[in-house]
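# Summary of structural features
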Amino acid sequence: QLQLVESGGGLVQPGGSLTLSCAASGFTLEYYAIGWFRQAPGKEREGVACIHGTGGVTDYADSVSGRFTISRDNVINTAYLQMISLKPEDTAVYYCNAWRMGAAYWGQGTQVTVSS
């Protein structure tokens, strides 16, 4: 079965940190571009960060630049989103996406709640 599974979400206070994981099974993540997206209540899904192919070029939304870092570990077929200095407006369901020509996969999402 081909799938992505996100984990690592939870409740954190403003200013805190979380690291999300995206584990791939049934395919080799090394050969895909990876993106993290999020969707908050009443808002459209937005792109947060992406890393393109094997070259490792990354891009970030302005709202998270300098606070979030996307990375991948090809040995264990997992991608990550490291988040620091979290703000209440970061609260959302976070989704992992992997794509290449002719194929794309989505995870089920993991909830991140930033609240005091």
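Preceding block: the structure.
Residues numbered from 1 in each chain as written. Predicted model: local features only at pLDDT ≥ 70, side-chain atom pairs only at ≥ 80, totals over all residues. Heavy atoms only, no water.

On to the sheet that holds strand β3 (residues 18–25). With respect to topology, four strands assemble into an open sheet ordered β1-β3-β8-β7, the strand pairing being antiparallel. If you trace the sheet from one side to the other, it starts and ends with β1 (3–7) and β7 (68–73), each paired once. Strand-to-strand twist of the sheet, defined as the mean angle between neighbouring strand axes without regard to direction, takes the value 15 degrees. As paired elements, β3 and strand β8 (residues 78–83) share six bridges and run antiparallel to each other. Bridge pairing in β8 links Ala-23 to Thr-78. (Pairing = 2+ DSSP bridges. Helix = DSSP H or I, 4+ residues; strand = E, 2+ residues; numbered from the N terminus. Axes fitted to C-alpha atoms, helices over the stretch in contact; angles between N-to-C directions.)

Here, the word disulfide means a covalent bond between the sulfur atoms of two cysteines. On inspection of all chains with the given rule, the structure shows one disulfide. Between the sulfur of Cys-22 and that of Cys-96 lies a disulfide, 2.1 Å long from S to S. Since a negative S-S torsion denotes a left-handed disulfide, the Cys-22-Cys-96 link at about -85 degrees is left-handed. Of this pair, Cys-22 sits in strand β3 while Cys-96 sits in strand β9 (residues 92–100), and the two are 74 residues apart along the sequence. We classify Cys-22 as buried; its relative accessible area is 0%. A residue is classified by how much of its surface remains accessible, and Cys-96, at 0% relative accessible area, is buried. The closest cysteine sulfur to the non-disulfide-bonded Cys-50 is located on Cys-96, 12 Å from its own sulfur. (Disulfide = S-S within 2.5 Å. Buried < 20%, exposed > 50% of the residue type's maximum accessible area, 1.4 Å probe, protein only.)

On the secondary structure map, Gln-3 appears in strand β1. Residues Gln-3 and Thr-19, 16 residues apart in the sequence, show an inter-C-alpha distance of 20 Å.

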